[in-house]
Amino acid sequence: DDNLFGWAAAAVVQEVVLSAEHKKIRDAVENHRRDVKYTLHNLLHTGLAPVFPEALWKKILLDQVVDFDEINAFFFSTKLDLDPTPVSTVESALHKALGRSAEKKTVSSSVVWFRCFDKYVKAVETIFPYRTNELRAWREHIDDLFTSKVEDSHARVIAYDIAARKVIGSNPAILFNQSRNSSELSSTETAFGTMILEAQVGAQNLREQNLAKKREREICNNWNEGKCFRSACSRRHVCSSCEGPHVVTLCKPKSS
């Protein structure tokens, strides 16, 4: 009896507040779940499906989180996977090739992320053609984050996207364009903000350290001109001509 479930009362309320789009996606996923293997078989035989890893199609059909590293490996790997296992038909060979990632290729930049996300969107829109605006909203959100953060923080943006998509993929009540109103996503975004701040501070400290090291290698021109009065100058007090322990005006040219 469904009414005896501990969550029955909350489920009634949830059903009332769910949008028509939520319900459409949920019903489609439930239909796919009845026989995922047959659904995938049907999809691949229509000729309408874009090229995409077969193993990941199942996650798309069930509206689960997809690993962009696998998309990156599938589409942008330069390594050819030569599996000697025999196949009986051209069709099975194609499925085998499309379903295998030859090597792990981590998404590590904004350029690669957008490349993988656009491949992901094409697959999702094939299954759920009414989710275009939802996916566009998420792309714009991540684009804003990439644009507003220093490049050193882009890895944190990618980590935030992974964490957020895991939450969205595990909760049918959250859509990409409504995710930021979710309490679960709000805590993820707060943690992300802290990560970004730490990354920016770390990047600034690294830049200052590199600048200090650069100065340590540089010769002090003011000292060579008798104008450096710093007690702890960060530059080298050596001759700007021969790097000897004297100012340049006292440098004696080497005899030929």
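Residues numbered from 1 in each chain as written. Predicted model: local features only at pLDDT ≥ 70, side-chain atom pairs only at ≥ 80, totals over all residues. Heavy atoms only, no water.

Caption draft 1: Broad picture of the pattern of salt bridges. Counted under the stated rule, the structure contains nine salt bridges. The shortest N-O distance in the salt bridge between Arg-236 and Glu-243 comes to 2.9 Å. On the accessibility criterion, Glu-243 (45% relative accessible area) is partly exposed. Among the charged side chains, a network of salt bridges with common partners joins Asp-63, Arg-131 and Glu-134. (Salt bridge = Lys/Arg side-chain N within 4 Å of Asp/Glu carboxyl O. Buried < 20%, exposed > 50% of the residue type's maximum accessible area, 1.4 Å probe, protein only.)

Caption draft 2: Examining unusual backbone geometry more closely. Of note, the phi angle at Asp-63 is positive, near 55 degrees, even though the residue is not glycine. Here Asp-63 shows up in the loop between helix H4 (54-61) and helix H5 (68-76). In this structure, Glu-243 is a non-glycine residue whose phi angle is positive, near 65 degrees. Positionally, Glu-243 belongs in the segment after helix H11 (221-224). (Helix = DSSP H or I, 4+ residues; strand = E, 2+ residues; numbered from the N terminus.)

Caption draft 3: Looking closely at the environment of Thr-46. Tracing the chain through its elements places Thr-46 in helix H3 (residues 36-46). At 3.1 Å, the side chain of Thr-46 and the backbone nitrogen of Leu-48 are in polar contact. (Polar contact = N/O pair within 3.5 Å; in protein donor to acceptor, adjacent residues only side chain to side chain.)

Caption draft 4: Molecular detail of the nonpolar core. Ranked by size, the top nonpolar core spans 41 residues in total, and within it Ile-60, Trp-113, Tyr-120 and Trp-138 carry the most contacts. Where this core is concerned, the elements lending two or more residues are helix H2 (20-34), H3, H4, H5, helix H7 (110-127), helix H8 (132-148) and helix H9 (154-170). Top element by residues in this core is H7. It accounts for ten residues. Apart from the residues within four sequence positions on either side, Tyr-120 is in contact with Phe-52, Ile-60, Val-66, Phe-68, Ile-71, Leu-135 and Phe-176. (Core = buried A, V, L, I, M, F, W, Y, C linked by side-chain atoms within 4.5 Å. Contact = heavy atoms within 4.5 Å.)

Caption draft 5: Structural context of the side chain of Asp-63. Among the polar contacts made by the side chain of Asp-63, one reaches the side chain of Arg-131 at a distance of 2.9 Å. When near neighbours in sequence (up to four residues on either side) are disregarded, Asp-63 contacts Ile-25, Val-29, Phe-128, Arg-131 and Gly-169.

Caption draft 6: Inspection of the confidence of the model for the chain at higher detail. When pLDDT is averaged across the chain, the result is 77; 67% of the residues are at 70 or more. Of all secondary-structure elements in the chain, the lowest mean pLDDT belongs to helix H6 (residues 90-98), at 49, while H7 reaches the highest, 95. Counted against residues more than four places away or in other chains, residues 84-88, with its pLDDT under 50, gives four contacts. The model gives residues 98-102 a pLDDT under 50, and that stretch makes 17 contacts with residues more than four places away or in other chains. (pLDDT = per-residue confidence, 0-100.)

Caption draft 7: Quick peek at the packing of H5 against H7. Packing of H5 against H7 brings their axes to within 9 Å, and their N-to-C directions diverge by 90 degrees. Taken as axis vectors, H5 and H7 run roughly perpendicular relative to one another. On H7, the residues touching Phe-68, Ile-71, Asn-72, Phe-75 and Phe-76 of H5 are Val-112, Trp-113, Arg-115, Cys-116, Phe-117, Lys-119 and Tyr-120. Here the contact of H5 with H7 is composed, by residue class, of nine nonpolar, one polar and two charged. (Axes fitted to C-alpha atoms, helices over the stretch in contact; angles between N-to-C directions. Parallel < 35°, antiparallel > 145°, perpendicular 65-115°, else oblique. Nonpolar A, V, L, I, M, F, W, Y, C, P; charged D, E, K, R; others polar.)

Caption draft 8: Region of interest: the state of the cysteines. The full count for this structure, using the stated rule, is zero disulfides. Unpaired in terms of disulfides, Cys-251 finds its nearest cysteine sulfur in Cys-242, a separation of 3.7 Å. (Disulfide = S-S within 2.5 Å.)

Caption draft 9: Focus on the packing of aromatic side chains. Overall, the coordinates contain 13 aromatic pairs when judged by the stated rule. Where Phe-68 meets Trp-113, the ring centres are 6.2 Å apart and the plane angle is 50 degrees; that geometry is what we call tilted. One end of the pair, Phe-68, is in helix H5; the other, Trp-113, is in helix H7, and 45 residues separate them in sequence. The pair Phe-68 / Trp-113 is uniform in exposure class, with both members buried. With a centroid separation of 6.0 Å and an interplanar angle of 65 degrees, the aromatic rings of Trp-113 and Phe-146 are classed as edge-to-face. Taken as a pair, Trp-113 in helix H7 and Phe-146 in helix H8 lie far apart in primary sequence, 33 residues in all. Cluster of aromatic residues (ring-pair linked, three or more members): Phe-68, Trp-113, Phe-114, Phe-117, Tyr-120 and Phe-146. When the ring centre of Tyr-130 is taken as reference, the NZ or CZ atom of Lys-24 above it lies at 4.6 Å. The aromatic ring of Phe-75 is capped on one face by Lys-119, whose charged end is 4.5 Å from the ring centroid. (Phe/Tyr/Trp six-rings, centres within 6.5 Å; stacked < 30°, edge-to-face > 60°. Lys NZ or Arg CZ within 6 Å of the ring centre and 35° of its normal.)

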